[in-house]
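A closer look at the structure
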Amino acid sequence: VDVAYNRKEAKDHGEGGKLVGAPVKDKTVLIVDDVITAGTAIRESMSLLSKEGAQVVAVSIALDRQEKANDTTTQSAIQVVMQDFGIQVCS
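Let us look at the structure shown here. (Residues numbered from 1 in each chain as written. Predicted model: local features only at pLDDT ≥ 70, side-chain atom pairs only at ≥ 80, totals over all residues. Heavy atoms only, no water.)

Here we come to the pairing of strand β3 (residues 28-36). For β3 and strand β4 (residues 55-64), the ladder comprises eight bridges, and the chain directions are parallel. By the bridge assignment, L30 is partnered in β4 with A58. Taken together, β3, helix α1 (residues 40-51) and β4 constitute a β-α-β crossover, and its handedness is right-handed. (Pairing = 2+ DSSP bridges. Helix = DSSP H or I, 4+ residues; strand = E, 2+ residues; numbered from the N terminus. Right-handed = clockwise from strand over helix to strand, strands pointing away.)

Core analysis: the largest hydrophobic core is formed by 18 residues, its most contacted members being I42, L49, V56 and V59. Breaking this core down by element, the ones donating at least two residues are β3, α1, β4 and α2 (77-85). In terms of residue count, the dominant contributor to this core is α1 (four residues). Every residue in contact with V56, bar those within four places of it in the chain, is listed here: V29, I31, M46, L49 and I87. (Core = buried A, V, L, I, M, F, W, Y, C linked by side-chain atoms within 4.5 Å. Buried < 20%, exposed > 50% of the residue type's maximum accessible area, 1.4 Å probe, protein only. Contact = heavy atoms within 4.5 Å.)

Another point: α2. Taken as a whole, α2 has its buried residues at A77, I78, V80 and V81. The buried residues of α2 occupy an angular sector of 165° when projected down its axis, which confines them to one face. Those residues of α2 hidden inside the fold are in contact with β3, α1, β4 and β5 (88-90). Note on α2: the residue one or two positions beyond its end, G86, has a positive phi of about 65°. (Arc of directions from axis to C-beta.)

And the structure:
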């Protein structure tokens, strides 16, 4: 299994960029995250991976805080991510 992870800030030395590890272009990707609150980190990952040419097929979360996605909805963060991106989110 190939692995890549995102940096908080892009580097201009070493591997450079925001992603470190295996190339993701034209790859099927599973996002693994430790916790979901509002879904912000997943949205950032989806954007980054899309720009790199990856196809995200699902998200695996270790801990779901079961919070609403935002103040304007009754849906959980997981429900909104699944709806917005059309992918399965497992926790």
